[in-house]
Amino acid sequence: MKIYPRLVMSKVFISHRVMTLKDKIRKVLQFGKSLVGIKYRWWKGENNKTDFENMFYCNNLPSLSQLKKDGINCSGLINLMRLKVGLKIPESSSKYRGGTDFWYKYFRRNKSLKPFDYTKDYPLGTMFLRKYHSLKDQGHVAVLYQKDSKNPKKLLYGKIIHAYAFGEIEDELKGKPVGEVGITTLGYSHFYYTGKDE
């Protein structure tokens, strides 16, 4: 898993005052929380032309009713959170602008990627990234939402906000729910038991 700097970094003006970084992070996390429960949608690849704008949300904030109808994927949630505080999704000639592979390449090119270290103390608003590999493993992005009140120095006990899948692409094609926007424990979300003694 790779991580990169905080989600929000530029100035945004509200009520004739400059928002502080702390204000922007609070605003973006509150906005993300307001989307909890929105259905998750798998990106089905470049052959599905309707996926792109209705999942990655690179250019504008849709209405809540539109989001509930269309659903969202993990990078789409991150893009909406950026747009909410006035940050644009960087322009690119990539046909996957705003997706997990786009963000990985963007931050790598800008030398902003750092290896994930669960022993470090990351600030709220830190975005975590797992690289895109294929349609089956589309990578993932999530944002550090809250530290554990009893164990604030134990990162894996903290909460992340993300749009995540609990079902497969095939399930979605059958009309079954496959995931949602939610707030989950970081350690639980990114580690799983394989059933093998390894």
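Preceding this paragraph is the structure being described.
The model shown is predicted, which means the values in this text are computed figures rather than measured ones. Residue numbers here run from 1 along each chain, matching the order of that chain's written sequence. Only residues with pLDDT of 70 or above have their local features reported here, since the model is predicted, and side-chain atom pairs are shown and tallied only from 80 upward, although totals for entire chains, interfaces and linings are computed over all residues. The basis for every side-chain value is the complete set of non-hydrogen atoms in the structure, without hydrogens or water.

Regarding the layout of surface pockets
So, step 1. Each pocket or cavity is described by its volume, and for the second largest pocket that value is around 160 Å³.
So, step 2. A cavity here means a set of points on a 1 Å grid, drawn over the protein atoms and nothing else, where a 1.4 Å probe fits but cannot get out; a pocket is an open set with protein on both sides within 12 Å along at least five of seven lines, and a residue lines either one if it has an atom within 4 Å of a point. In terms of lining residues, the second largest pocket is bounded by 13 residues, among which Trp43, Phe56, Gly99, Thr100 and Tyr132 are the most central.
So, step 3. By the criteria applied, helices consist of DSSP H or I runs no shorter than four residues and strands consist of E runs no shorter than two, each listed in order from the N terminus. Of all the secondary structure elements, the ones that give two or more residues to the lining of the second largest pocket are helix 4 (74-84) and helix 5 (100-109).
So, step 4. Taken together, the residues of the lining of the second largest pocket sort by class into six nonpolar, six polar and one charged. Grid points are joined across faces, edges and corners, and a volume is the space filled by probe spheres set on the points. Polarity classes work like this: nonpolar for Ala, Val, Leu, Ile, Met, Phe, Trp, Tyr, Cys and Pro, charged for Asp, Glu, Lys and Arg, and polar for all others, with Gly in that last group.

A look at the environment of Ile183
So, step 1. Note on placement: Ile183 falls in strand 8 (residues 179-185).
So, step 2. Residue class for Ile183 comes out partly exposed when judged on its relative accessible area of 30%.
So, step 3. Sequence separation between Ile183 and Val36 is 147 residues; the distance between their C-alpha atoms is 7.4 Å.
So, step 4. Only heavy atoms matter for contacts: two residues are in contact if any of them lie within 4.5 Å across the pair. If we ignore the near neighbours within four places in the chain, the residues touching Ile183 are Lys33, Val36, Tyr145, Lys159, Ile160 and Ile161. Classification of residues uses two cut-offs on accessible area relative to the type maximum, computed with a 1.4 Å probe and protein chains only: under 20% is buried, over 50% is exposed, and between them is partly exposed.

Here we look at helix 1 (residues 21-34)
So, step 1. The end-to-end C-alpha distance of helix 1, which contains 14 residues, comes to 20 Å, matching closely the 20 Å that a straight helix rising 1.5 Å per residue would cover.
So, step 2. The complete set of buried residues in helix 1 reads Asp23, Lys24, Ile25, Val28, Leu29, Phe31 and Gly32. How far a helix is expected to stretch is found by multiplying one less than its residue total by 1.5 Å.

With respect to the pattern of salt bridges
So, step 1. By convention in these notes, a salt bridge is any Lys or Arg side-chain nitrogen within 4 Å of a carboxyl oxygen on Asp or Glu. Tallied over the full model, the rule gives five salt bridges.
So, step 2. Across the salt bridge formed by Glu91 and Arg97, the nearest N and O atoms sit 3.6 Å from each other.
So, step 3. The exposure class of Glu91 is exposed, given its relative accessible area of 66%.
So, step 4. Among the residues examined, Arg97 registers a relative accessible area of 9% and is labelled buried.

Remarks on the nonpolar core
So, step 1. By size, the foremost hydrophobic cluster in this structure holds 38 residues, and its most contacted members are Leu29, Leu35, Ile72, Leu80 and Met81.
So, step 2. Counting only elements with at least two residues in this core, the list comes to helix 1, helix 4, helix 5, strand 5 (126-130), strand 6 (140-146) and strand 7 (159-165).
So, step 3. Looking at which element gives the most residues to this core, the answer is helix 4, with six residues.
So, step 4. Residues within four places of Leu29 in sequence aside, it is in contact with Met81, Leu124, Val143, Leu144, Tyr145 and Ile161.
So, step 5. In this text, buried Ala, Val, Leu, Ile, Met, Phe, Trp, Tyr and Cys residues form a nonpolar core when linked through side-chain atoms within 4.5 Å. Membership of the second largest hydrophobic core comes to nine residues, among which are Tyr122, Leu144, Leu155 and Leu156.

A closer look at empty space enclosed by the protein
So, step 1. The full count for this structure, using the stated rule, is one cavity of 30 Å³ or more.
So, step 2. Considering only enclosed or pocket space, the largest cavity measures out at about 50 Å³ in volume.
So, step 3. As for the largest cavity, its lining consists of Lys120, Asp121, Tyr122, Leu144, Lys147, Asp148, Pro152, Lys153, Lys154, Leu155 and Gly158.
So, step 4. In terms of residue class, the lining of the largest cavity is built from four nonpolar, one polar and six charged.

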